[in-house]
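# Descriptive analysis of the structure
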Amino acid sequence: MWPSSYNPEHSPLEVNGKTYDYIVVGGGTAGCVVASRLSEDPDVSVLVIERGHIKDNIVSRVPLLSQHTGLVNILQIQSNRWTEPMPGANGRRNRLWAVEGMGGSSRINGTVWTRGFPGDYAAWAEMGLDDWGYEKLEPYFRKLENAVALPKSESRGYDGPVKLRQLSFPFEWSAYIEQAAQKLGLSLEKDINHPTAPAMGLFSLDTAIDQTGKRVSAYTAYLSKAVTYQRRNRLTLCTGAAASRLEVDLQTGLVTGVYVKYSNGIPGEFLVKARREVIVCSGAIGTPQLLLLSGIGPTSSSEKFGIPLVRELPAVGATLSDHYSFPIELELPKKETFHFLETIWAIWHMLLWLLFGRGLFSLTPISSSIFVRTGTIDKNTMQVNSHDEDGHSNLDASLSRNVPDIEVMTIATNSVERPIEGCSFMSLYPTLAQPYGSGRVELINTDALSQPRITYPMFTDKRDIEAARLAVRFTMRLASELQHSKYPYPVKLVFAPGQDPSILEEWERTASIEHNVPKPNKRADEGPGSRENKTWKNVTDEEIDDYLRRVSHTSLHLSSTCPMSNDEKSGVVDQELRVYGFGNLRIADTSVFPKVPSCHTMAPAMMVAERCADMVKAAWKGRKSQ
């Protein structure tokens, strides 16, 4: 244990002028892993620079409650990061939620643990990144995991810090969704993370929730208070601190330090020095912003803001990728959704969680997902084909050509960005998992506390529109199967293309000014009940496209803004995660993904961090600090 007076957090002023062997910029999902692994060595010193604080409160531990983005202060949610207006979405803007705090987005995400399919990493290898094929990465996934949900699998890890369980919903519709998926040609699969799992199916999902019903974040798994106290003489957490730029020795090509300022705007800039390496783990938005502020990036950026050019790397911030979704909402009885917690029964379920780690609050809204490739779907029937026309299997997940480009999550609550009063929803949540379009992250000014300019890639590529259109039609067919099954309660399709337009229009009116939503032009002949709602068969492509432009939003799997490549003209880091042109600067977060994998990105981000820590250790093995 630790003394009650122990506080592991330090201010920028307290670390000013000090030197550390390793500086980790960002204490988020990846940063916690890197800092924990490097500080295992008792002979080194490690500094973590994090904008937020620890705030390991009870709300952050409750799996369901910790996903409530309205709890901005309690959960340290960053709510002021917006995209530029998106031409492919009627000029709307998306809010890109994030967390400023130890553990980063692993503190508010859906807790879903998906490694990605072997074919995802085969695609990376086919891009020339031979050291990043699945066979090289699987040991790191196993190192992370304690897969208590699947205790007898030879392909899963059991000694890692991330406890994984599979939790099923207490709602009757789950079984009928399984039947619907099977009718469309999909199998029911237990372990999406097994390397021989098929590329398509309805998968039960691993979740990072421990046996006591608490969320497992990167912070609680890797840098808990017990860990930081044990390593207090060699591990320092500088919180409430924003890295403003890197100090670089141009003659040696070494990063010698990091400039830091208070993240709450208190004036002053401080400098901490690096003896060995600096590892940037600030995420797909923060990492390119820091490089650009340091004069590392396109020449045009440095010239525009008067920043001395340190190293020209055109790919910094140039290829933003993300998964984005277009919810289909079904109205069910309240007791069949998490909207049940809007009643007095919420008190009972909170007591169940507090006393036993059970009840609805111990769950996550997502327990299963369909993964499917649109190229395998029969456009007339929505049936999924297990083989192509030449007889080749569409299910071999080791092949990059079979990687699914669509995920349809089953979510037991509303999943459109803003609540809809008076309705109890479950969502079928189709998501574009292999987008072609890419966006950009650019500076707005030279202030590290300002949000950068984010050009979001929503429907910037025709192929993405076509895939999304088919995904919506497939999902509506799935909903139709539920509606016409023996499910004992009424199922109303409410939020979907071709439905009562007044509901969508009313929802659009609740948007804030920041959302930049165009005012709906409601026609006189489109009032409630003025027409029969459409089905998956007769809804038009134009109606689907209109719906996509109005409701699609981010799934917060941002990546690829400092991609790995063998060529510094198209990439930012090499296969050792070193930034081109620098001997001791690495990046370890989702920004290095050369291509976003078809999965939820927590596990791949932590895998990259584990591997980066091993690379750093190997580079300095046998060398003592001065």
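It should be emphasised that the depicted structure is a prediction, and the values quoted were computed from it without experimental measurement. (Residues numbered from 1 in each chain as written. Predicted model: local features only at pLDDT ≥ 70, side-chain atom pairs only at ≥ 80, totals over all residues. Heavy atoms only, no water.)

## Quick word on the overall build of the protein chain
- The number of helices and strands found in the protein chain is 16 helices and 27 strands.
- The C-alpha atoms of the protein chain give a radius of gyration of 24 Å, which matches the 25 Å a tight globule of 626 residues would have.
- The principal-axis extents of the C-alpha atoms in the protein chain amount to approximately 75 × 55 × 50 Å.
- Looking at the protein chain as a whole, 61% of its 626 residues qualify as buried.
- Look at the contacts in the protein chain between residues 6 or more apart in sequence, and 72% of them connect residues 24 or more apart.
- Only carbon and sulfur atoms are counted for the fraction: they give 50% of the accessible area of the protein chain, which is about 24,400 Å².
- Both charge centroids of the protein chain, one from 67 positive and one from 71 negative side chains, sit 4 Å from each other. (Helix = DSSP H or I, 4+ residues; strand = E, 2+ residues; numbered from the N terminus. Rg over C-alpha atoms; globule rule 2.2 N^0.38 Å. Buried < 20%, exposed > 50% of the residue type's maximum accessible area, 1.4 Å probe, protein only. Contact = heavy atoms within 4.5 Å. Areas by Shrake-Rupley, 256 points an atom, 1.4 Å probe, with all protein chains shown as cover. Lys, Arg positive; Asp, Glu negative; His and termini not counted. Charge placed at Lys NZ, Arg CZ, Asp CG, Glu CD.)

## With respect to the packing of helix H2 (residues 29-38) against helix H16 (residues 602-619)
- Running from N to C, H2 and H16 cross one another at 30°; their axes reach a closest spacing of 8 Å. Compared by their axis directions, H2 and H16 come out roughly parallel. For the crossing formed where H2 meets H16, the hand is right-handed. Here Thr29, Ala30, Val33, Val34, Arg37 and Leu38 of H2 lie close against H16, whose contacting residues are Met602, Ala605, Met606, Ala609, Glu610, Ala613, Val616 and Lys617.
- Per-class residue counts for the contact of H2 with H16 are 10 nonpolar, one polar and three charged. (Axes fitted to C-alpha atoms, helices over the stretch in contact; angles between N-to-C directions. Parallel < 35°, antiparallel > 145°, perpendicular 65-115°, else oblique. Left-handed = near helix turned anticlockwise from the far one by under 90°. Nonpolar A, V, L, I, M, F, W, Y, C, P; charged D, E, K, R; others polar.)

## Re the pattern of salt bridges
- With the rule as written, the count across this model stands at 31 salt bridges.
- With a closest N to O distance of 3.6 Å, glutamate 481 and lysine 183 form a salt bridge. Of this pair, glutamate 481 sits in helix H13 (residues 462-483) while lysine 183 sits in helix H7 (residues 173-183), and the two are 298 residues apart along the sequence.
- Exposure remark for glutamate 481: the relative accessible area of 15% places this residue in the buried category.
- Across the pair arginine 550 and aspartate 546 runs a salt bridge whose closest N-O atoms are separated by 3.0 Å. Of this pair, arginine 550 and aspartate 546 are both found in helix H15 (residues 541-551), four residues apart, which corresponds to roughly one turn of the helix.
- Given a relative accessible area of 14%, arginine 550 falls into the buried group.
- Among the charged side chains, a salt-bridge network with shared partners connects Arg37, Glu40, Lys143, Glu610, Asp614 and Lys617. (Salt bridge = Lys/Arg side-chain N within 4 Å of Asp/Glu carboxyl O.)

## Focus: the nonpolar core
- Ile23, Trp132, Leu246, Val258, Val278, Val572 and Leu585 are the most contacted members of the largest nonpolar core, which totals 90 residues.
- Residue contributions to this core peak at 10 residues, all from H16.
- Setting aside its immediate chain neighbours within four residues, valine 258 contacts Ile23, Val25, Ile49, Ala243, Arg245, Leu246, Phe270, Leu271, Val272 and Val278.
- With 79 residues, the next largest nonpolar core counts Leu64, Ile209, Phe474 and Leu558 among its residues. (Core = buried A, V, L, I, M, F, W, Y, C linked by side-chain atoms within 4.5 Å.)

## Digging into a nonpolar patch on the surface
- A cluster of nonpolar side chains, namely Ile58, Ile344, Trp345, Ile347, Trp348, Leu351, Leu354, Leu355 and Phe356, defines an oily patch on the protein surface of about 1,000 Å² accessible area.
- Among the elements that line the nonpolar patch, the one with the most residues is helix H12 (residues 345-356), at seven residues.
- Along the chain, isoleucine 344 turns up in the loop between strand S19 (328-331) and H12.
- Overall, the relative accessible area of 66% leaves isoleucine 344 in the exposed class. (Patch = residues over 30% accessible without salt bridge, like charges linked within 9 Å, V, L, I, M, F, W, Y side chains within 5 Å.)

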